[in-house]
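These are the residues of each chain, in order.
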Amino acid sequence: MNVILAVKQYVAKMIEESGPGMKVLLMDKDTISYVSMVYAQSEILQKEVYLFELLSNGSREMMKHLRCICFIRPTKENIDLLCYELKNPKYGIYCIYFSNVVSKSDVKRLAEADEQEVVREVQEFYGDFIAVSPHIFSFNIVGCSRGNVWSTGVLNRICAGVTAVLLSLKKCPMIRYQNSSELSKRLAENVKQVISKDAGLFDFRRTDVPPLLLIVDRHSDAVTPLLHQWTYQAMVHELLGIRNNRIDLSKVPGITKDLQEVVLSAEQDEFYAANLYNNFGEIGARIKELMEDFQKKSQSTKKIESIADMKAFVENYPQFKKMSGTVAKHVTVVGELSRMVGLHNLLEVSEIQQELACQNDHNEALKKVRGLIMSDKVRELDACCLVALYGLRYERHSNNDFMTLLSALTKRGVSERNKRLVRAVVEYGGERARGTDLFGQNNPISRTRRFFKGLKGVENIYTQHTPLLQETLDQLIKGKLREGSYPYLGPSQLKDRPQDIIVFMIGGITYEEALAVCNINKSNPGVRVVLGGTTLHNSQTYLEEVAIAQHM
Amino acid sequence: MSATVSGDDSAVREGFLCPICMQDLNSVFQLQTHFEENHTHEDKAVLHHLKGFLGKAKKFLGKTEEQPVEREVAEADEDEGERSPGLTTPTSRVCGIDDTQWPPQELGATRGYYEYFRGQRSSHVDRNTVETNKLLIRLEKLVKFNHECAEPSKRKAFEKTVVPWKEDSSMKFCPYCMERFGLSLRRHHCRLCGNIACLKCSDFLPHACSENLLKSEEELLRDHQREQARKDKGAEGGDDEDMSGTLRLCKNCDQLLVRRLQAVREKVIKSNLVLLYQRLTEVKNHVIAQLSVYNPKVESLLYGSSTISRDVMERERTKILKNFDLIDTISKKILGLSATNSSRTHQRLIQKIRTHCTLFLQANMHTMVTLPTKEEIEKLKAERRAAITRRIQEEKQAELEAQRQERLERLEKEKRDLKTLESAKKGHVRIPSWPLNLNKNKQDTSPTKSRTGGAKTLEGGWKPSAVSQAELMASSDNPMMQQMNIIRNYIRQAKEMQKTDEVKMLEENLRELEMEYGRQSRF
């Protein structure tokens, strides 16, 4: 159940099937990001794939000596483009792979367009999702719903994507969904429909315990995306923004030209892979180690006296060069992160955020929030998030002072739109919308647990919060997830504890949840969880999501 | 002890042998501890393998404990990772998820449409092929006639016999541009299909084109080569092909014929890039095949194998290096092609091919196992021989040790029960025959090595030195006598090591043996 490997195997298979010779990979805007997430250019270059082209680019040159691997989504637009391409083929041979189920009539159209018999292969390879990590996938769709209704076209896209994940992992699951969410129910029904319509396709070898697809809704946990995270990957996404493993550093003051956009891929970058879930404090130490290691190596390469030295240098040079690139990249990124942490008072902000999310002291929290949002150092975005958090946390508190905080924002000069956004967040994830016990107030057990946790004291005040998803999954794995809140779709139910779990969150996931799932996988041998979402949020994209959902 | 030790090198040995030093250990646990103590630095992968193997064995022994064992192995993996964080590769622990815990993953689901696609296509394409072939036959007839007869009036008549022309009155509009025919827009007949088109929608087929169409593939190739040669000489002006023609064709037929010509050309004429690339691929495949033979051979050479000659390998090596060189030159030649073609995609392609080649060289040339020098090889061979003999010796030592223990136990029994004399005798008869390479051992083992070897075995117990063994063999064939000599030897060694209590014990043994021997000889 490794989604990165799933896509990688598909791509490798395509290249293998197309045979030896010079190859071009013809893709669309979606598939190009699927492939780039799992393969580095140099890696794919070794398999004789030399060119990457977009199908929509009409001004491609005629190169009959190339074999074309065409990997596209079976959209109407793509089929039209491909028909045109086949009528006037630019390459010698075409192998066509659709990333999802294609209709027979479309295949027929293509066959009729292929007058010159250039097509050698037509297949469906279900790599129709962005594999972010081995256990994380996403679709990069922000704004999937408006209120309780799916945005037009998005439901079909997500349903196709989720079924592609199932097919690529060869799982035919039982489905559970969040009862309080209309969106979850719709998606669950659609997925079920696809499975039963194409039952032959989903006929995999039966396992003792059938896999499980759990569909949940962001509405039930509106808090997590508002919180600052202190793990490397999450921080980079929050402060700099990760899009398909790429980070835009062009706004960093004094950046050199070759570092304006860097790639952080755990598949290719060992340092990143080892540290993406480490805390910011540790990262500093690790970077130092990396630097020292690098300095040692660069010093040893400096003294080239004998032939043996020279030979060693030449042999190590590619590695050395790669390492110097890695060092420069991470030093820049971490430097920028720590600059922003200092500049925007993020430690203090994060402390209050965690306190709001996990503690129960209303007056103290209110005082601190009030103080912080008036500080000049705090970003407007952080101020808004703080007020939104307060609004969510103490929505029903008798001394709720949300309105004064909003007027404090006005005083600070926060724009009208952002103030409306703060209200929108409270509506988006408020008690009426969520239907789950997010803060554990109604449940006496979790309330006492919270109390004892408070007595014990916290280890790290910046990482007190655990996302709701973790609790949900813990219950699911123990077989204690309540039927009423998360019913099965259809009559059959799981008798044993689940082993293979695919969770999909409508409205997007966060890197905090990615880490939580990673920890669950580590601490529960025999249980495999894959997490997906409509997108991977940081606080900014989350606010956009909310804005669209609340008709703003 | 379950090992069956034999002097022969090639004999199959079993028991709890250490896979690296071939030492025999008595039990799984001893083997495991031995391995962890002595070989962890050598090869972690083997250790893992061993652990996995043990895990499997354990599983076989107690199927009920299946899960804990698995967990144990997994934990061992994790420990490994924590101990050496720098060594882990991203593939083994991507993003903190340990894939080793997850079952291996097969290729995801796929569904093929090619059969259906081909069925749909062939019905469509066959029509086109038939049509094109028909046109070609007619074209051939017409061209032939044109050569024989240049009179326009006769030609028209003949053209009409090849394909019947459509009646003028049947077409009021040009089928391609939909314009109405009239005085200003005349009707024209396609000479190959007989259909009508307007002036704009029909054209003369150039002579050169019709000639090329009727040529066989070989002729086309020859033409191409001739032209290429002329270009190489620098002669310009070969390009003014005869663009005039006498055969009028409609758009449809023109397209079909042009396409046919293109397809044939593509099949026959290959650009320089394609030819060079083909050569490149051949050389690359050749090198990979060579390396797959060369690398393991050198490795076994490094291990001290004497069956492979270094000179042969040296020759192999130069051959491979030459091929690497060839790859480099070809890829540079391909890079040089960019001068002739200015298109950007083409240049990108060429540069990528060059990068591909450098990557290939990096991956394969630098991982090529370096050939040891002659002196190194001699040293390696000697080391290996020494290792083998030492190993054999150690095994024998272990065997002897076992016998001694057995004997001591029996002696003790005898003390208790003096009547069972014969049984003691039996225990002494089983002394292994000494292997022939005992002498070799003396020659090859350098003094330092034999000393270290001796020290190692001293930990286990006293061992009869090789010389005294040989003497023993020569001097006496009475097992009792041999045993006594061995014990005397032990005593000497023990004295050297100044282990008084051991000496005392051994002396007691010897006395008992002497008494026994005396009694036996009296009988």
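For every chain, the first residue of its written sequence is number 1, and the numbers climb from 1 along that sequence. Each chain gets a letter, beginning with A, and each ligand a number, beginning with 1, in the order they are written. Thresholds applied to this predicted model are a pLDDT of at least 70 for local features of residues and 80 or more for the giving and counting of side-chain atom pairs; totals over whole chains, interfaces and linings are not thresholded and use all residues. With hydrogens and water set aside, each side-chain value is computed from the structure's full complement of heavy atoms.

**Comments concerning the overall build of chain B**
Here's step 1: For chain B, the helix and strand inventory stands at 18 helices and seven strands.
Here's step 2: Only protein chains enter the accessibility calculation, which uses a 1.4 Å probe. A residue is then buried if its area is under 20% of the maximum for its type, exposed if over 50%, and partly exposed in between. Burial analysis of chain B (523 residues in total) assigns 38% to the buried set.
Here's step 3: The criterion used for residue contact is that any of the two residues' heavy atoms lie within 4.5 Å. Considering only contacts within chain B whose residues lie at least 6 apart along the sequence, 65% involve residues at least 24 apart.
Here's step 4: With the model as given, the accessible surface of chain B reaches about 32,100 Å², and the carbon-plus-sulfur share is 53%. Only DSSP runs of H or I covering at least 4 residues are called helices, and only runs of E covering at least 2 are called strands; the numbering of each starts at the N terminus. Areas reported as accessible are Shrake-Rupley estimates using a 1.4 Å probe. Residue values count occlusion only from the protein chains shown.

**A closer look at the packing of aromatic side chains**
Residue and element names in this part refer to chain A.
Here's step 1: Stacked, tilted and edge-to-face are the three classes applied to pairs of Phe, Tyr and Trp rings, where Trp contributes its six-membered ring and a pair requires centres within 6.5 Å; stacked means planes under 30 degrees apart, edge-to-face means over 60, and tilted covers the rest. Going through the model one piece at a time under the given rule, you end up with 16 aromatic pairs over all chains.
Here's step 2: When the ring of Tyr91 is compared with that of Tyr94, the centres are 5.9 Å apart and the planes differ by 50 degrees; the resulting orientation is tilted.
Here's step 3: A centroid spacing of 4.8 Å and a plane angle of 45 degrees characterise the contact between Tyr97 and Phe125, whose relative ring orientation is tilted. With Tyr97 in strand S4 (residues 91-98) and Phe125 in strand S5 (residues 119-125), this residue pair connects regions lying 28 residues apart in the sequence.
Here's step 4: Taking the relative accessible area as the measure of exposure, Tyr97 reaches 0% and is therefore buried.
Here's step 5: One aromatic cluster is present, built from ring pairs that chain together Phe129, Phe137, Phe139 and Phe504.

**Some thoughts on the pairing of strand S1 (residues 23-27) of chain A**
Residue and element names in this part refer to chain A.
Here's step 1: Judged by how many residues are buried, S1 sits mostly within the fold: five of five residues are covered.
Here's step 2: The alternating pattern of S1 places Lys23, Leu25 and Met27 and Val24 and Leu26 on opposite faces, both of which are buried.
Here's step 3: In terms of strand pairing, S1 meets strand S2 (residues 49-54) through five bridges, oriented parallel. Following the sheet pairing, Lys23 is matched in S2 by Val49.
Here's step 4: Strands are treated as partners if at least two bridges between them are detected by DSSP. Here S1 runs beside strand S3 (residues 63-72); their pairing, made up of five bridges, is parallel. Across the sheet, the residue bridging to Leu25 is Ile69, located in S3.

**Here we look at the interface of chain B and chain A**
Interface size is commonly expressed as the accessible area that is lost once the parts come together.
Here's step 1: Facing the 50 residues of chain B at the interface are 72 residues of chain A.
Here's step 2: The term buried area denotes the loss of accessible surface (1.4 Å probe radius) that occurs when two parts are joined, taken as the sum for both partners. In this assembly, chain B packs against chain A so that about 5,800 Å² is buried in total across both faces, 60% of it on carbon and sulfur atoms.
Here's step 3: Every case where a carboxyl oxygen of Asp or Glu lies within 4 Å of a side-chain nitrogen of Lys or Arg is listed as a salt bridge. Inspection of the chain B/chain A interface yields eight salt bridges.
Here's step 4: The shortest N-O distance in the salt bridge between Glu124 of chain A and Arg111 of chain B comes to 2.9 Å.
Here's step 5: Polar contacts, as used here, are pairs of N or O atoms within 3.5 Å; protein pairs need one atom able to donate a hydrogen and one able to accept it. Residues neighboring in sequence count only if both atoms are side-chain atoms. Scanning the region where chain B abuts chain A turns up 25 residue pairs in polar contact (both at pLDDT 80 or more).
Here's step 6: Going through the elements one at a time, strand S3 (110-112), helix H4 (114-148), helix H8 (251-268), helix H9 (272-302) and helix H11 (344-365) of chain B are the ones with two or more residues in the side of chain B that touches chain A.
Here's step 7: With 11 residues, H11 of chain B is the largest single contributor of residues to the side of chain B that touches chain A.

**Quick word on the domain arrangement of chain A**
Residues and elements named next belong to chain A.
Here's step 1: The domain limits used here are those given by an automatic or database domain assignment. Under the domain assignment, chain A is made up of domain 1 (3-127), domain 2 (132-221 + 467-549), domain 3 (232-343) and domain 4 (346-453).
Here's step 2: On a C-alpha basis, the centroid separation for the pair domain 1 and domain 2 is 29 Å.
Here's step 3: Across the contact, 11 residues belong to domain 1 and 17 residues belong to domain 2.
Here's step 4: Both sides together, the interface formed by domain 1 and domain 2 hides about 1,000 Å², and carbon and sulfur atoms give 63% of it.
Here's step 5: In this structure, the connection of domain 1 to domain 2 is made through zero salt bridges.
Here's step 6: Run the count over domain 1 and domain 2 and you get three residue pairs in polar contact (both at pLDDT 80 or more).

**Examining the side chain of His188 of chain B**
Residue and element names in this part refer to chain B.
Here's step 1: Considering the arrangement of structural elements, one finds His188 in strand S4 (residues 188-189).
Here's step 2: Side-chain polar atoms of His188 contact the side chain of Arg248, separated by 3.4 Å.
Here's step 3: When residues no more than four places from it in sequence are discounted, the contact partners of His188 are Asn195, Ile196, Ala197, Cys198, Leu199, Ser202 and Arg248.

**Some words on the environment of Leu469 of chain A**
Residues and elements named next belong to chain A.
Here's step 1: Counting through the fold element by element, Leu469 comes out in helix H19 (residues 468-478).
Here's step 2: For Leu469, a relative accessible area of 4% translates into the label buried.
Here's step 3: Spatially, the C-alpha atom of Leu469 lies 14 Å from that of Leu213, the residues being 256 residues apart in sequence.
Here's step 4: Dropping the residues within four chain positions of it, Leu469 is found in contact with Val216, Val503, Met505, Glu513, Val517 and Leu531.

**Observations concerning the pairing of strand S7 (residues 247-250) of chain B**
Residues and elements named next belong to chain B.
Here's step 1: Residues Leu247 and Leu249 line one face of S7 and the alternating positions Arg248 and Cys250 line the opposite face, and both faces are buried.
Here's step 2: Relative to S7, strand S6 (residues 202-205) is paired through four bridges, and the arrangement is antiparallel. Paired with Asp203 across the strands is Leu249, a residue of S7.

**Examining the sheet that holds strand S13 (residues 246-248) of chain A**
Residue and element names in this part refer to chain A.
Here's step 1: Spatially, S12-S13-S14 is the arrangement adopted by the three strands of the open sheet, whose pairing is antiparallel. Two strands bound the open sheet, and with one partner strand each, they are strand S12 (242-243) and strand S14 (261-263).
Here's step 2: Bridging between S13 and S14 involves three bridges; their strand directions are antiparallel. Bridge pairing links Arg246 to Val263 in S14.

**Regarding the packing of helix H12 (residues 346-358) of chain A against helix H13 (residues 362-373) of chain A**
All names here are of chain A.
Here's step 1: Relative to each other, H12 and H13 sit at 150 degrees, their axes nearing to 10 Å. Relative to H13, H12 is oriented roughly antiparallel. The two elements H12 and H13 cross, and the hand of that crossing is left-handed. Of H13, the residues touching H12 (which contributes Glu348, Val349, Ile352, Glu355 and Leu356) are Glu364, Ala365, Lys368, Val369 and Leu372.
Here's step 2: For the contact of H12 with H13, the per-class residue count stands at six nonpolar, no polar and four charged. Angles run from 0 to 180 degrees between N-to-C directions of axes, and those axes are lines fitted to C-alpha atoms, restricted for helices to the stretch in contact. To sort the angles, those under 35 degrees are grouped as roughly parallel, those over 145 as roughly antiparallel, those from 65 to 115 as roughly perpendicular, and the leftovers as oblique. Crossings are classed by handedness, with left-handed meaning an anticlockwise turn of the near helix from the far one by less than a right angle and right-handed meaning a clockwise turn. Lys, Arg, Asp and Glu make up the charged group, whereas Ala, Val, Leu, Ile, Met, Phe, Trp, Tyr, Cys and Pro make up the nonpolar group; the residues left over, Gly among them, are polar.

**Some points on helix H4 (residues 76-87) of chain A**
All names here are of chain A.
Here's step 1: To estimate the expected span of a helix, subtract one from its residue number and multiply by 1.5 Å. Under the 1.5 Å per step criterion, the end-to-end length of H4 is 17 Å for 12 residues, consistent within 8% with the ideal 16 Å.
Here's step 2: Inspection of H4 places Asn78, Ile79, Leu82, Cys83, Glu85 and Leu86 among the buried residues, and these make up the whole buried set. Taken down its axis, H4 places every buried residue within 160 degrees of arc, on the same side. Among the exposed residues of H4, those pointing more than 90 degrees away from its buried face are Lys76, Glu77 and Tyr84.
Here's step 3: The inward-facing, buried residues of H4 contact S1, S3, S4, helix H5 (104-113) and S5. Read the arc as the range of directions from the helix axis to the C-beta atoms.

**A word on the pattern of salt bridges**
Here's step 1: The tally for this structure, following the rule as stated, stands at 40 salt bridges over all chains.
Here's step 2: Taking the shortest distance from any N to any O, the salt bridge between Glu507 of chain B and Lys495 of chain B comes out at 3.9 Å. Taken as a pair, Glu507 of chain B in helix H18 (residues 500-522) and Lys495 of chain B in helix H17 (residues 479-496) lie far apart in primary sequence, 12 residues in all.
Here's step 3: On the basis of relative accessibility, which here comes to 33%, the residue Glu507 of chain B falls in the partly exposed class.
Here's step 4: Overlapping salt bridges, with partners in common, bring together Lys8, Glu43 and Glu267 of chain A in one network.

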